Amino acid sequence: LDPKLFNCNDIVMATGEFKNKVYTLIGGILPWIEIEYEISWEKIKTDFSNGNYIIHNEIDEILYTSNKYTWQKIKLNPSVIGNQKISSVQINVAGEVFITASKSLYKYNALNYTWLKVNANLHPYPGQTISDFAIYKDVMIETIYGHGVVISLDQGLTWQTFEDGL
């Protein structure tokens, strides 16, 4: 394997000899799994959300799996999001995929392969970039760069500060 190695959130990855393959070793599970999809090595990130392992970068695609072996792929850069950088990816218990980009939250529509903008810009800190968020059941907690945390109990339609923004 090439010397480059990446380890985060229970996922270990290494580029192949010709830098066009990604191999994963998740949580010490053997053997190495060769992912059939290519993903850019630049600025790669991983997340773990509601039983799903997620690999993504800032502007291209997301790969995710719940069984550690069969990976699914979603394009991350549709026209509605444009060239905004993706800061985080989460999957709720129903299997719906959410991403944050700039000041907004987006939900993936698997029926027509598009992203729908959720009203995250209505949170108490609308001028701030979303740096990260977490989702569990129907509750989303959004971390706002430089300010605090807001929470939504209705999938991002209404927001309130959480613990006074911490």
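For the structure itself, look to the data block above.
Cut-offs used in this document
- Residues numbered from 1 in each chain as written.
- Predicted model: local features only at pLDDT ≥ 70, side-chain atom pairs only at ≥ 80, totals over all residues.
- Heavy atoms only, no water.
- Buried < 20%, exposed > 50% of the residue type's maximum accessible area, 1.4 Å probe, protein only.
- Helix = DSSP H or I, 4+ residues; strand = E, 2+ residues; numbered from the N terminus.
- Pairing = 2+ DSSP bridges.
- Axes fitted to C-alpha atoms, helices over the stretch in contact; angles between N-to-C directions.

K.L.:
How do you make sense of the pairing of strand β10 (residues 97–101) when you look at a structure like this?
P.N.:
In the case of a regular strand, side chains alternate between the two sheet surfaces. Of all five residues that make up β10, five are buried, and the element is covered over most of its length. Alternating residues of β10 divide into Val97, Ile99 and Ala101 and Phe98 and Thr100, and every residue in both groups is buried. Relative to β10, strand β9 (residues 86–91) runs antiparallel, the two being bridged by five bridges. For Ser88, the partnering residue across the bridge sits in β10 and is Thr100. Of the pairings in the sheet, the one linking β10 to strand β11 (residues 104–109) comprises four bridges and is antiparallel in character. Note on β11: the bridge partner recorded for Ala101 is Ser104.

K.L.:
I'm lost on the sheet that holds strand β8 (residues 72–75) in this one. Help?
P.N.:
Pairing between the strands of a sheet is mediated by backbone hydrogen bonds and can be parallel or antiparallel. Reading across the sheet, the four strands line up as β5-β6-β7-β8 and stay open at both edges, with antiparallel pairing between neighbours. Pairing within the sheet leaves two strands with one partner each, and these edge strands are β5 (45–49) and β8. When the angles between neighbouring strand axes are averaged without regard to direction, this sheet yields 20°.

K.L.:
Can you walk me through the pairing of strand β7 (residues 61–65) in this structure?
P.N.:
By the criterion of burial, β7 is predominantly enclosed, with five of the five residues buried. Side-chain alternation along β7 places Glu61, Leu63 and Thr65 on one buried face and Ile62 and Tyr64 on a second face that is also buried. For strand β6 (residues 52–56) and β7, the ladder comprises four bridges, and the chain directions are antiparallel. Its bridge partner being in β7, Tyr53 is matched across the sheet by Thr65.

K.L.:
Would you mind showing me how to read the sheet that holds β11 here?
P.N.:
Taken in spatial order, the four strands of this open sheet run β9-β10-β11-β12, and their pairing is antiparallel. Of all the strands in the sheet, the pair left with one neighbour each is β9 and β12 (114–118). Averaged over all pairs of adjacent strands, the angle between strand axes in this sheet comes to 30°, irrespective of strand direction.

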